[in-house]
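# Secondary and tertiary structure notes
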Amino acid sequence: MASAAAASPSLSLSQPSHFQQQTSLITWLKPPSSSALFRRKTLPLSSQDKRLSLPISASSSSSTSLSVSEKPTANSVHFHGNLIESFENQDSFAGTIKGASLIEEIENPVERNGISGRRRLFMQDPPWISALFLKGLSKMVDQTVKIERKDIDKRKFDNLRRRQVKEETEAWERMVDEYRDLEKEMCEKNLAPNLPYVKHMFLGWFQPLKDVIEREQKLQKNKSKKVRAAYAPHIELLPADKMAVIVMHKMMGLVMSGHEDGCIQVVQAAVSIGIAIEQEVRIHNFLKRTRKNNAGDSPEELKDKQLLRKRVNSLIRRKRIIDALKVVKCEGTKPWGRATQAKLGSRLLELLIETAYVQPPLTQSGDSIPEFRPAFRHKFKTVTKYPRSKLVRRYGVIECDSLLLAGLDKSAKHMLIPYVPMLVPPKRWKGYDKGGYLFLPSYIMRTHGSKKQQDALRDISSKTAHRVFEALDTLGNTKWRVNRKILDVVEKLWADGGNIAGLVNREDVPIPEKPSSEDPEEIQSWKWSVRKANKINRERHSLRCDVELKLSVARKMKDEEGFYYPHNLDFRGRAYPMHPHLNHLSSDLCRGTLEFAEGRALGKSGLYWLKIHLANLYAGGVEKLSHDGRLAFVENHLDDIMDSAENPIHGKRWWLKAEDPFQCLAACVILTQALKSPSPYSVISHLPIHQDGSCNGLQHYAALGRDSFEAAAVNLVAGEKPADVYSEISLRVHEIMKKDSSKDPESNPTAALAKILINQVDRKLVKQTVMTSVYGVTYVGAREQIKRRLEEKGVITDERMLFAAACYSAKVTLAALGEIFEAARAIMSWLGDCAKIIASDNHSVRWLTPLGLPVVQPYCRSERHLIRTSLQVLALQREGNTVDVRKQRTAFPPNFVHSLDGTHMMMTAVACREAGLNFAGVHDSYWTHACDVDTMNRILREKFVELYNTPILEDLLQSFQESYPNLVFPPVPKRGDFDLKEVLKSQYFFN
């Protein structure tokens with residue numbers, strides 16, 4: 001009993017141990033404030049008024065102790081403003097409270113807590129007192145914790161936002177400071193610092209380039225307006241050191257990402273440099289105006305700066321970031337235009353050519369004089385428009401020295417990468433150029449200079465396009481993080497030379513030596529081999545740079561709690577992350593290295609879908625089994641899966657056999673954690689689980705045409721296992737080739753090719769061509785796709801025979817497609833015919849997507865605009881007034897279907913967000929947490945049915961007739977009787 005008393009709240013009364021029955025009144029008022037509750041746990045007993053005291057224990061108890069001493073008062077007693085007890089007669093306390101009981105204890109006459117020994121009485125709490133008290137206490141604690149967490153989150157967010165603003169506005173400035181520090185270190189120590197290859201080159205170029213830019217700035221400033229160069233007003237707008245750093249990094253970035261035989265087109269380089277300078281000028285001017293006062297500022301300038309700074313700070317404090325950005329735009333200069341960008345870029349490029357040198361390694365003897373040679377050379381290339389054509393084209397290029405290219409792919413990580421993932425959620429989209437990054441230029445659509453598309457987007461109201469904006473905001477607000485375990489594995493494999501798990505080989509193939517024989521056939525064969533080796537090495541170099549750029553972003557972001565990808569659209573309405581390198585739209589390397597920042601418990605359904613996901617990633621035909629078959633595959637390989645997770649580098653390496661090895665390894669890791677946990681369903685998973693459409697382009701055509709046979713072929717109808725359209729096509733191709741192989745080779749030249757190919761036809765050979773056929777793949781495109789697959793097989797080694805076999809296979813594959821998907825072909829033809837009618841009247845084909853997004857096909861005859869620069873005459877391409885009829889016709893069917901699959905993805909994204917899901921989309925692949933896959937599957941099917949329950953083709957025809965009343969269009973093709981509701985029951989529609 002004593003222990004119970006110690007653990008319970010106690011009431012002390014100055015009263016002898018005798019109670020007589022009287023009435024009592026207990027009133028419960030508002031709960032105590034959290035400050036009062038936590039400030040003082042007991043109210044001391046007053047010796048003067050001898051009032052009631054209730055020390056509060058933090059733990060709940062089932063009894064309340066009442067200590068009885070001398071005379072109490074009959075006045076009301078307050079407990080923290082919470083409990084009032086009025087005793088009209090103290091002797092009447094016992095037994096009057098319903099549910100309460102009294103227990104009497106006689107204590108020894110010793111002092112306890114300064115109070116003389118006395119009898120104590122324990123009263124059992126009525127249930128309603130305990131319930132109300134604990135409920136109030138719980139609410140107060142929750143509110144306090146929420147407030148504190150909100151304050152912490154706000155401080156964290158403000159800190160991340162400051163870092164994001166710095167990342168967007170001060171990147172070039174930090175790079176300038178770095179080169180200044182390196183130069184200072186070099187001068188002080190009289191020794192060149194130990195730097196990576198590319199930074200070593202930059203340090204050598206920086207000072208000379210900076211000096212000549214400064215000289216050019218002074219020269220142009222001192223000239224009269226009549227003789228000043230066209231670029232003069234703009235070359236003064238940035239400090240020379242910052243301009244030098246931008247030119248170096250932009251040029252080397254182009255060399256890494258897109259050189260052809262070590263050459264970059266002058267027009268591409270000049271415009272890229274001009275654009276980068278213009279963007280930095282805007283940010284530089286804003287920072288210059290809003291920073292602390294300079295010594296040379298006039299009183300008027302000081303006043304303007306103070307007013308602008310106050311205005312911007314006031315807007316930021318009031319969370320009016322959009323208005324603050326408007327200040328930047330209003331105070332900035334007008335857009336320069338391509339001509340200005342090209343002229344300035346050309347002059348800066350010329351200065352780089354004059355000052356940038358590379359030095360070959362010195363010989364061992366050290367007797368030779370150090371050799372310096374230009375890193376870049378300006379020259380002209382002559383190319384024919386078509387093979388064996390007499391029409392030639394000359395264009396200027398910047399040729400890079402071989403020494404410069406040699407170590408470049410190992411140094412890509414040291415390049416400055418703009419548009420990195422954001423540390424805070426992107427700005428909400430509210431218009432053509434309102435949204436995305438905080439300060440970097442952001443546009444809702446990649447129009448590639450199409451003025452018609454830009455005008456259409458600027459004219460659209462926020463009300464019309466709000467669903468598009470909402471979808472992009474949903475995709476942009478998905479929080480990601482780097483999967484460190486997978487990144488560590490990637491780093492180790494890459495450090496060991498790559499050439500594994502889809503990583504490119506870090507070494508070049510050797511160039512064959514010229515044969516000593518003069519035999520023409522041997523010489524010709526050698527030339528083919530050299531050409532092929534050079535081509536492979538160029539591809540490897542480009543791929544190595546790409547891997548380094550991806551890894552450099554992953555290294556930079558791996559310690560972040562999370563980051564975000566702002567999204568925008570291509571002109572057809574498909575969503576893409578604005579960051580170009582490490583994103584979930586990219587390769588298996590990127591997808592395996594990324595995961596959701598938020599984790600969710602697997603749950604029973606999540607564990608089921610995790611296993612299905614792993615089987616899908618392993619592929620090799622497993623992904624075409626039924627769900628039960630895929631589960632059985634995983635159960636049969638549990639030892640391999642666990643070994644992969646626990647020892648990915650030195651174990652059995654089962655995960656390397658997967659089609660998507662890094663994603664497969666990530667799934668092995670989380671599945672192993674779950675299976676080894678005593679509570680598998682409660683394991684937290686960050687892994688995105690994919691649900692992919694089955695040849696999604698044909699699924700959209702089947703829904704448009706309502707053809708039951710085609711719908712069943714692409715899983716719009718439920719089946720025991722997934723239908724495989726690629727296998728169907730490969731079987732038909734095999735039948736045609738078998739028939740051709742039996743013909744006489746003399747009268748039918750394809751017979752010999754059919755005999756060679758008949759055993760090489762499989763699903764993989766035709767898959768890419770079937771997949772892209774609905775997107776308008778041409779015969780040439782199909783030929784190149786199949787040629788690459790035949791090269792991978794390695795059966796045909798002769799280049800001429802390989803080319804002939806690819807030509808024959810492409811023709812047969814396209815013929816088989818036409819036979820099986822007649823309804824789809826009819827719709828494609830109708831769309832092409834409508835486009836031809838519109839384009840023949842010199843109009844671009846335009847339409848509204850079901851979400852209200854205007855789409856304008858940008859295919860026009862380009863007009864050349866000649867710009868005379870200090871380096872050469874540049875021919876800039878401008879959008880002309882004459883449309884390209886052929887391109888408008890051939891591109892419309894695939895573009896229209898792309899706009900529909902983009903619509904379906906955006907509708908699904910918004911609905912998933914409303915359902916509380918994390919969602920990411922990659923065209924026809926939708927991602928969410930394992931525990932939420934069932935919900936997402938239901939939503940994406942409902943949205944597909946909702947989309948195609950609208951008369952899409954009829955609405956399109958009506959819009960054409962209203963826009964072009966003088967033109968006559970063919971009627972919409974007849975549709976079948978397929979019931980779209982069947983999609984809701986098809987488990988393999990997306991799987």
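A few points on the structure. (Residues numbered from 1 in each chain as written. Predicted model: local features only at pLDDT ≥ 70, side-chain atom pairs only at ≥ 80, totals over all residues. Heavy atoms only, no water.)

Moving on, we get to the sheet that holds strand E16 (residues 479-482). If you trace the 3 strands from one edge of the open sheet to the other, you get E17-E16-E20, paired in antiparallel fashion. Each end of this open sheet is capped by a strand with a single partner; those strands are strand E17 (563-564) and strand E20 (594-596). Looking at chain direction, E16 and E20 are connected through 3 bridges and run antiparallel. By the bridge assignment for E20, arginine 481 is matched with glutamate 595. (Pairing = 2+ DSSP bridges. Helix = DSSP H or I, 4+ residues; strand = E, 2+ residues; numbered from the N terminus.)

What follows concerns unusual backbone geometry. The backbone phi angle of asparagine 499 is positive, close to 60°, even though this residue is not glycine. Here asparagine 499 is to be found in the loop between helix H15 (484-495) and helix H16 (520-557). For arginine 706, which is not glycine, the phi torsion reads 55° and is therefore positive. Tracing the chain through its elements places arginine 706 in the loop between helix H22 (696-705) and helix H23 (708-713).

On to the sheet that holds strand E15 (residues 445-446). In space, the 3 strands of this open sheet follow the order E15-E18-E19, with mixed pairing throughout. With one partner strand each, in any of the chains shown, E15 and strand E19 (575-577) form the two edges of the open sheet. The sheet contact formed by strand E18 (residues 567-570) and E19 spans 3 bridges and is antiparallel. In the strand pairing of E19, asparagine 568 is matched with tyrosine 576. Across the sheet, helix H14 (residues 466-476) is in contact with E18 and E19; its angle to E18 comes to roughly 130°. (Contact = heavy atoms within 4.5 Å. Axes fitted to C-alpha atoms, helices over the stretch in contact; angles between N-to-C directions.)

Okay, the nonpolar core next. Grouped together as the largest cluster of nonpolar side chains are 108 residues, with contacts concentrated most on Leu716, Ile729 and Phe821. Once residues lying within four places of it in the same chain are set aside, the contact partners of isoleucine 729 are Val766, Val770, Thr813, Ala816, Leu817, Ile820 and Phe821. (Core = buried A, V, L, I, M, F, W, Y, C linked by side-chain atoms within 4.5 Å. Buried < 20%, exposed > 50% of the residue type's maximum accessible area, 1.4 Å probe, protein only.)

If you check which residues of helix H13 (residues 451-459) are buried, you get Gln453, Gln454, Ala456 and Leu457. Along the axis of H13, the buried residues cluster in a sector spanning 160°; they form a single face. Across H13 from its buried face, at more than 90 degrees, point the exposed residues Lys451 and Asp459. Of the surrounding secondary structure, the elements contacted by the buried residues of H13 are E15 and strand E25 (854-856). (Arc of directions from axis to C-beta.)

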